[in-house]
Amino acid sequence: MIAFVAPFPSPGEVCEGWLSRIAAVDRIFAREPRVYIHIIDPDGAADAEAGLPAPLRMSELVEVYRLDLSYMAHQQKLRELILQAQLVYVHTLHWARYVSPFYKTGKVVTDIHGVTPEEELLYGRPEVARFYQEIERQVFAEAQHAVVVTQAMADHYRKKYPESRIELTVLPVFETIFARADARLSEEAPAARPRVLYSGGAQRWQKLDAMMELAQAQAARCDFTFLSGDPQPFRDAARRRGIEERIAIRSAKKDELAPLYLQADYGLVLRDDIAVNRVACPTKLSEYLWFGIIPVVCSPSLGDFPALGYRYVTFEQMLAGELPPAAERREMMAENLRAIARLQEGFAAAAQEVLALKDRVPSSALEPLHYLSDYERNVVYPAQSELHLIAADAQAPQQILYAHYASPTGTLAFALDGARALAQLRFMPINRQCQLRLVALRLTDGEGRPIPFFLSGNYAEKSGDIYTFRVRSPLFVLQVSPAARPAGAARAPATGGRRCRTGPQRRWCAARA
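The structure displayed is predicted, hence computed values, not measured ones.

> Residue-level account of the overall build of the chain, with values.
Scanning the chain for helices and strands turns up 15 helices and 27 strands. Among the 513 residues that make up the chain, the fraction classed as buried is 53%. Working note: accessible area of the chain is about 22,600 Å², and carbon and sulfur atoms make up 50% of it.

Now the structure itself:
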């Protein structure tokens, strides 16, 4: 059995890049029994069952488990599936964190779609980038095999981790679900109005504003169509430039793309010359070349495509209306079809290498793994903490403060500015079933004087200072003495010492193990 840690690529849902990649790899293993392990967000997991999860049968060879790892039973099922699998194939470093404890088995293979830490920095999330930098470092320290999408990405990682002994297989982003558009080479003449297409998402590196700038400048001369699974950002951007009625914006399923591509002359791939793009293999670019669409680029340095010899039009050329004449455009199309044929050959050869991994990873019996310590669980599966502030005045709105709880030995802080006359504090230390040790708990006023309170909670068992919670949202309730409410604030902690404090100028809550 092959275990994929990824969503199952249902045909009706496959449209944009990463699900297309998952679907392409799934076809490589089409004759193998497969289990998809779909990790779902606890915040959106109302349909998850707290008990043992049941599989969804997608076909004779495919089952899907939807796991909410805030439940112990789901964590155990993940462990069982991974230990039973002949090969564990993880799509992206984002999902690699869920199987972080199992890389030492040698049978976990990560398909790295993009350079995740650099992508997170591009989104302005340095703390998330640091987290995935550690996941990436672990993959290259412990895994025996990984799959990358370009030779440029392989070179990037060999330079970044020169000490790593990991074996990298270059499997380009490529699909063979459509017939190649060689017939377009015999087109007598292009359309009177050039037809410009974009197919994909609105991620920051896609340069949505630049696409709309181009559409605004050339809408009088060209027909622009934007295809996306989430068209709203495109509509908003078009509305800001006053061109919403002059361009076409819509979503399209995978099986609807072929006729739309065959009607297009140029395809937008407006990416900057940065690491994220230099190592990428954009799905849309492969599809454009396959269908005879001439790419429009900001930087031609996109993965291995320069080495394949692809031809393109620059952003500046299209902005100025400088498009190639019909004969040159046919020549560019022919060279691009030869480039995509070379990419196809590379994919076919690499697909056999990827399929062979199931027989190359360790097959000896493994010692049972202790799934995760409390520390590992909170680092690998970052969770949220909440502090609910209930005022003595029943008409006052309830305040909820949030913090990211990353480890039981870290510090957790809530700012309680403006909190007055609190009747109750409800503290959720972490949003999952757990066992907590309450080291110290006290309430003080702004001058540091103790405030009496009554402690309760939804814990199932208590043994000394150990609290066992069998519900997904553990809760400590601190009922403040009425006489102390005007100056109340909290010192309260769990998991090794969680404190809530207040000062004369500012009330705040901090947690430390």
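> With reference to specific residues and values, describe the nonpolar core.
Membership of the largest hydrophobic core comes to 120 residues, with the highest contact counts inside it found for Ile-37, Tyr-157, Leu-171 and Phe-226. Looking at this core element by element, the count peaks at ten residues for helix α14 (residues 326-356). Other than its neighbours up to four places away in sequence, Ile-37 contacts Ala-3, Phe-4, Val-5, Ala-6, Tyr-65, Leu-67, Leu-78, Leu-81, Ile-82 and Trp-95. Among the nonpolar cores identified, the runner-up in size contains 17 residues, and Leu-389, Phe-427, Cys-434 and Leu-438 belong to it.

> Describe the pairing of strand β23 (residues 466-469), naming the residues involved and giving the relevant values.
Examined bridge by bridge, strand β19 (residues 434-437) and β23 share four bridges and lie antiparallel to one another. From the neighbouring strand, Leu-436 faces β23, where its bridge partner is Tyr-467. Of the pairings in the sheet, the one linking strand β22 (residues 461-463) to β23 comprises three bridges and is antiparallel in character. Within the sheet, the bridge partner assigned to Ser-463 lies in β23 and is Ile-466. Joining the antiparallel neighbours β22 and β23 is a turn of two residues, in which Gly-464 adopts a positive phi near 65°.

> So what about the sheet that holds strand β1 (residues 2-5)? Which residues, and what values?
Sheet architecture is open: eight strands sit in the order β3-β4-β2-β1-β5-β6-β7-β8, paired in mixed fashion. Each edge of the open sheet carries a strand with a single partner, namely β3 (56-57) and β8 (167-170). Bridge count between β3 and strand β4 (residues 62-67): two bridges; the pairing is antiparallel. Residue pairing in the sheet places Arg-57 in a bridge with Glu-63 of β4.

> Describe in detail the packing of helix α7 (residues 208-218) against helix α8 (residues 232-240), supporting the description with residues and values.
To characterise two packed helices, one gives the angle between the axes of the helices and the distance between these axes. Two elements in contact, α7 and α8, have axes separated by 10 Å at closest approach and are oriented at 50°. Accordingly, the angle class assigned to the pair α7 and α8 is oblique. In the crossing of α7 with α8, the sense of the turn from one axis to the other is right-handed. Here Leu-208, Asp-209, Met-211 and Met-212 of α7 lie close against α8, whose contacting residues are Pro-233, Phe-234, Ala-237, Ala-238 and Arg-240.

> A description of the pattern of salt bridges should follow, citing residues and the corresponding values.
A full pass over the atoms with the stated rule returns 24 salt bridges. Here Glu-118 ties to Lys-160 by a salt bridge, and the two come within 3.3 Å at their closest N and O atoms. With Glu-118 in helix α4 (residues 116-122) and Lys-160 in helix α6 (residues 151-160), this residue pair connects regions lying 42 residues apart in the sequence. The class of Lys-160 is partly exposed, set by a relative accessible area of 26%. We note a salt bridge from Glu-244 to Arg-239, for which the minimum N-O separation is 3.2 Å.

> Before we move on, can you summarise the sheet that holds strand β9 (residues 195-199) with the specific residues and values?
Strand order in the open sheet made by the six strands is β11-β10-β9-β12-β13-β14, with parallel pairing throughout. Both edges of this open sheet fall to β11 (248-250) and β14 (313-314), since each of them pairs with a single strand only. Relative to strand β13 (residues 294-297), strand β12 (residues 266-269) is paired through four bridges, and the arrangement is parallel. Looking across to β13, one finds that Leu-268 is bridged to Val-296. In the packing of helix α11 (residues 283-290) onto the sheet, contacts are made with β9, β12 and β13, and the angle to β12 comes to roughly 165°.

Here is what the cut-offs are and how they apply
Residues numbered from 1 in each chain as written. Predicted model: local features only at pLDDT ≥ 70, side-chain atom pairs only at ≥ 80, totals over all residues. Heavy atoms only, no water. Helix = DSSP H or I, 4+ residues; strand = E, 2+ residues; numbered from the N terminus. Buried < 20%, exposed > 50% of the residue type's maximum accessible area, 1.4 Å probe, protein only. Areas by Shrake-Rupley, 256 points an atom, 1.4 Å probe, with all protein chains shown as cover. Core = buried A, V, L, I, M, F, W, Y, C linked by side-chain atoms within 4.5 Å. Contact = heavy atoms within 4.5 Å. Pairing = 2+ DSSP bridges. Axes fitted to C-alpha atoms, helices over the stretch in contact; angles between N-to-C directions. Parallel < 35°, antiparallel > 145°, perpendicular 65-115°, else oblique. Left-handed = near helix turned anticlockwise from the far one by under 90°. Salt bridge = Lys/Arg side-chain N within 4 Å of Asp/Glu carboxyl O.

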